[in-house]
Amino acid sequence: MQLIDNLYGYPWMGMGNNCNSYFFANVLPGNNPHIIIDPGHTANEMGEPCLDNLITAIKTDGFDVSDIGLIINTHTHIDHYQSNRGLQQMIEKASNESNKPQIALSKEADEYRLGSGARWIEQYGDSIKFEPDFYLTEGPLSFGEGENKLDLEIIDTPGHGPGHVCIYWPKNKVLITGDIVFIGSVGRTDLPGGDGNMLKASIEKLSTYDTEYILPGHATEYGGMLKGKENALQNFSFIKTNYFPII
Ligand SMILES: [Zn+2]
């Protein structure tokens, strides 16, 4: 569904686990102009067809996943990146190998994926392997030109998992928070590479951004997304009051 301008959101609605995906339409030059952030599971622990559902939802909005030119991962937990390779292969096949979408993530997230995060290969097999095309580093990240120019900012936000990044879109004050900040909750720190103090520092850092929209990686009982500067501030304040003492 369309969220703001050319940003679309695909909140996960199934029973089992999967992440929310976000999609910037028509921003890259060339034949594959779309960007997807966290394509999520191909199929989750309940066997739900997460990627098929995502493809259908994107199609409903009038876009073809074959036109994706870049896949970005906020971090390398399997529920955010399992579809990377499958999606890439699908796009290569649809274009007779002439288009191969790029994959970008932070270097640290990539190292984690191949290190202690590699346990997922045992469960999901080689299909989850992929080659990153470039690494995300903290600071501005711009795509395209003219009317379609997209200026983003990558924010290093460790604490939930190694190399986790959040993405800020200054034009519309959008904060894509991955698994750092949810609506009324925060990402877990008990997985390998998790660190409570680092998570708190990351949340403090995010709370300094001028934010109209918080778009998290997962929904909670309080909701999937949040709109309004006051609500965003209130969400940070709620988290600091209720979660900081126990993280
Ligand atoms: Zn995660």
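My aim in this report is to walk through the structure given alongside it, one point at a time. Note that the structure is predicted; figures quoted are calculated from it, not measured. (Residues numbered from 1 in each chain as written. Predicted model: local features only at pLDDT ≥ 70, side-chain atom pairs only at ≥ 80, totals over all residues.)

## A closer look at helix α7 (residues 229–242)
Residues that lie three or four places apart on an α-helix share one face, since the helix turns once every 3.6 residues.
Next up, step 1: Between its terminal C-alpha atoms α7 stretches 20 Å, which fits the 20 Å expected from 14 residues at 1.5 Å a residue.
Next up, step 2: Buried residues of α7: A232, N235 and I239, and no others. Relative to the axis of α7, the buried residues are bounded by an arc of 55° and lie together on one face. Seen from the buried face of α7, the exposed residues on the opposite side, beyond 90 degrees, are K229, E230, L233, S237 and T241. (Helix = DSSP H or I, 4+ residues; strand = E, 2+ residues; numbered from the N terminus. Expected span 1.5 Å × (residues − 1). Buried ≥ 20, exposed ≤ 12 C-beta atoms within 10 Å, placed from the backbone. Arc of directions from axis to C-beta.)

## Remarks on the pairing of strand β10 (residues 165–169)
Next up, step 1: For β10, a buried count of five out of five residues is recorded, marking the element as mostly surrounded by other parts of the structure.
Next up, step 2: Where burial is concerned, the two faces of β10 agree: the one with V165, I167 and W169 and the one with C166 and Y168 are both buried.
Next up, step 3: Bridging between β10 and strand β11 (residues 174–178) involves three bridges; their strand directions are antiparallel. Residue pairing in the sheet places I167 in a bridge with I176 of β11.
Next up, step 4: Between β10 and the antiparallel strand that follows it, β11, lie four residues; K173 among them carries a positive phi value of about 55°. (Pairing = 2+ DSSP bridges.)

## Points about the sheet that holds strand β14 (residues 213–216)
Next up, step 1: One open sheet accounts for six strands, arranged β8-β9-β10-β11-β14-β15; its pairing is mixed. With one partner strand each, in any of the chains shown, β8 (139–143) and β15 (226–227) form the two edges of the open sheet.

## Regarding the nonpolar core
Next up, step 1: Core analysis: the largest hydrophobic core is formed by 52 residues, its most contacted members being C166, I167, L175, I176, V181 and I214.
Next up, step 2: Look past the residues within four positions of I176 in its chain and what remains in contact with it is Y22, I37, C166, I167 and L215. (Core = buried A, V, L, I, M, F, W, Y, C linked by C-beta atoms within 7 Å. Contact = placed C-beta atoms within 7 Å.)

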